[in-house]
Amino acid sequence: MWELLDPKPEFGSTYNACRAFWNALTLQRQRLIYYYLREQKRLGMTIKPNPLFALQDCHPVPTNWNGRPGVNDLIKSGEKMVIAKYCARFGTYTLREARLFGMTDLRPLN
């Protein structure tokens, strides 16, 4: 996780606090946070520069592709898509996210 966040040297003193926070999380929560932050970074979105705040303030949510631009490109690329229930609402998600977020009522879209 530290490598993913790649903090500036001035935040090096937060390493132990980050490690303690990270180790207190469940494995499932760690996976969600890692996936979410990695996706934000991949998409060029801003992540808090202080790694401890980045971890503490991270509240992962899956991307509902229903009606969003790019969903057809995902399907054409071979990405497995499903219709699934998340927080009592149905939406269109990648199969990977549906499994990662523990969604229910999965139905294949493609």
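Our subject is the structure listed above.
Thresholds, definitions, all that
What you see as residue numbers is a count from 1 along each chain, following the sequence as written. Selection of residues for local features in this predicted model requires a pLDDT of at least 70, selection of side-chain atom pairs for listing and counting requires 80 or more, and totals for whole chains, interfaces and linings are taken over all residues. Only hydrogens and water are set aside; all other atoms, that is, all heavy atoms of the structure, feed into the side-chain values. Pairs were defined over the aromatic rings of Phe, Tyr and Trp, the Trp ring being its six-membered one, requiring ring centres within 6.5 Å. Orientation was assigned from the angle between planes: stacked under 30 degrees, edge-to-face over 60, tilted for the rest. Counting from the N terminus, the helices are DSSP H or I runs at least four residues long and the strands are E runs at least two residues long. Burial classification: accessible surface area is computed with a 1.4 Å probe over protein chains only, and a residue below 20% of its type maximum counts as buried, one above 50% as exposed, and the rest as partly exposed. A ring has a charge above it when a Lys NZ or an Arg CZ is no more than 6 Å from the ring centre and no more than 35 degrees off the ring normal. Only heavy atoms enter the contact rule, under which two residues are in contact if any of them lie within 4.5 Å. At least two bridges found by DSSP between two strands are what make those strands a pair. Axes, fitted as lines to C-alpha atoms, cover a helix only where it is in contact. Angles between the N-to-C directions of the axes lie from 0 to 180 degrees. What is meant by a nonpolar core is a set of buried Ala, Val, Leu, Ile, Met, Phe, Trp, Tyr and Cys residues, joined one to another through side-chain atoms within 4.5 Å. Cysteine sulfur atoms that pair up within 2.5 Å are treated as a disulfide.

Comments concerning the packing of aromatic side chains
The tally for this structure, following the rule as stated, stands at 2 aromatic pairs. Measuring from ring centre to ring centre gives 5.0 Å for Trp2 and Tyr15, while their planes differ by 85°; the resulting arrangement is edge-to-face. In this pair, Trp2 sits in helix α1 (residues 2-5) while Tyr15 sits in helix α2 (residues 15-24), placing the two residues 13 residues apart along the sequence. Taking 5.9 Å as the distance between ring centres and 85° as the angle between the ring planes, the aromatic pair formed by Tyr86 and Phe101 counts as edge-to-face. Of this pair, Tyr86 sits in strand β1 (residues 81-86) while Phe101 sits in the loop between α6 (95-100) and β3 (104-108); the two residues are 15 residues apart in sequence, bridging distant segments of the chain. A relative accessible area of 21% places Tyr86 in the partly exposed class. Over the ring of Trp65 we find Arg68, and its NZ or CZ is 5.2 Å from the ring centre.

Regarding the side chain of Thr14
Positionally, Thr14 belongs in the loop between α1 and α2. Ignoring sequence-local partners within four residues, the contact set of Thr14 consists of Trp2, Asn50 and Pro51.

Overview of the sheet that holds strand β2 (residues 89-94)
Strands belonging to one sheet form pairs held by backbone hydrogen bonds; the direction of such a pair is parallel or antiparallel. What the 3 strands build is an open sheet, ordered β2-β1-β3; its pairing is antiparallel. Unpaired on one side and paired on the other, β2 and β3 mark the two borders of the sheet. Between one strand and the next, the sheet's axes are offset by a mean angle of 25°, whatever the strand orientation.

As for the side chain of Glu79
Its location among the elements puts Glu79 in the loop between α5 (71-76) and β1. Those residues in contact with Glu79, other than ones at most four positions away along the chain, are Leu74, Thr94, Arg96 and Asn110.

Some thoughts on the nonpolar core
If you look at the biggest cluster of nonpolar residues, it comprises 12 residues: Leu4, Leu5, Cys18, Trp22, Leu25, Ile33, Leu37, Ile47, Leu52, Ala54, Leu55 and Cys58. Of all the elements in the fold, those that place two or more residues in this core are α1, α2, α3 (27-42) and α4 (51-56). Ranked by the residues each element gives to this core, the list is headed by α4, at 3 residues. If we ignore the near neighbours within four places in the chain, the residues touching Ile33 are Met1, Trp22, Leu25, Leu55, Cys58 and Pro60. Among the nonpolar cores identified, the runner-up in size contains 10 residues, and Tyr35, Val82, Tyr93 and Leu95 belong to it.

Quick look at the state of the cysteines
Tallied over the full model, the rule gives 0 disulfides. Unpaired in this structure, Cys58 has its nearest cysteine sulfur neighbour in Cys18, at a distance of 12 Å. The closest cysteine sulfur to the non-disulfide-bonded Cys87 is located on Cys58, 15 Å from its own sulfur.

What about unusual backbone geometry?
For Asp6, which is not glycine, the phi dihedral falls at a positive 45°. Examined against the element boundaries, Asp6 turns out to sit in the loop between α1 and α2. At Cys87, a residue that is not glycine, the phi angle is positive and equals roughly 55°. Positionally, Cys87 belongs in the loop between β1 and β2.

Shape is all these values report; function is a separate question.
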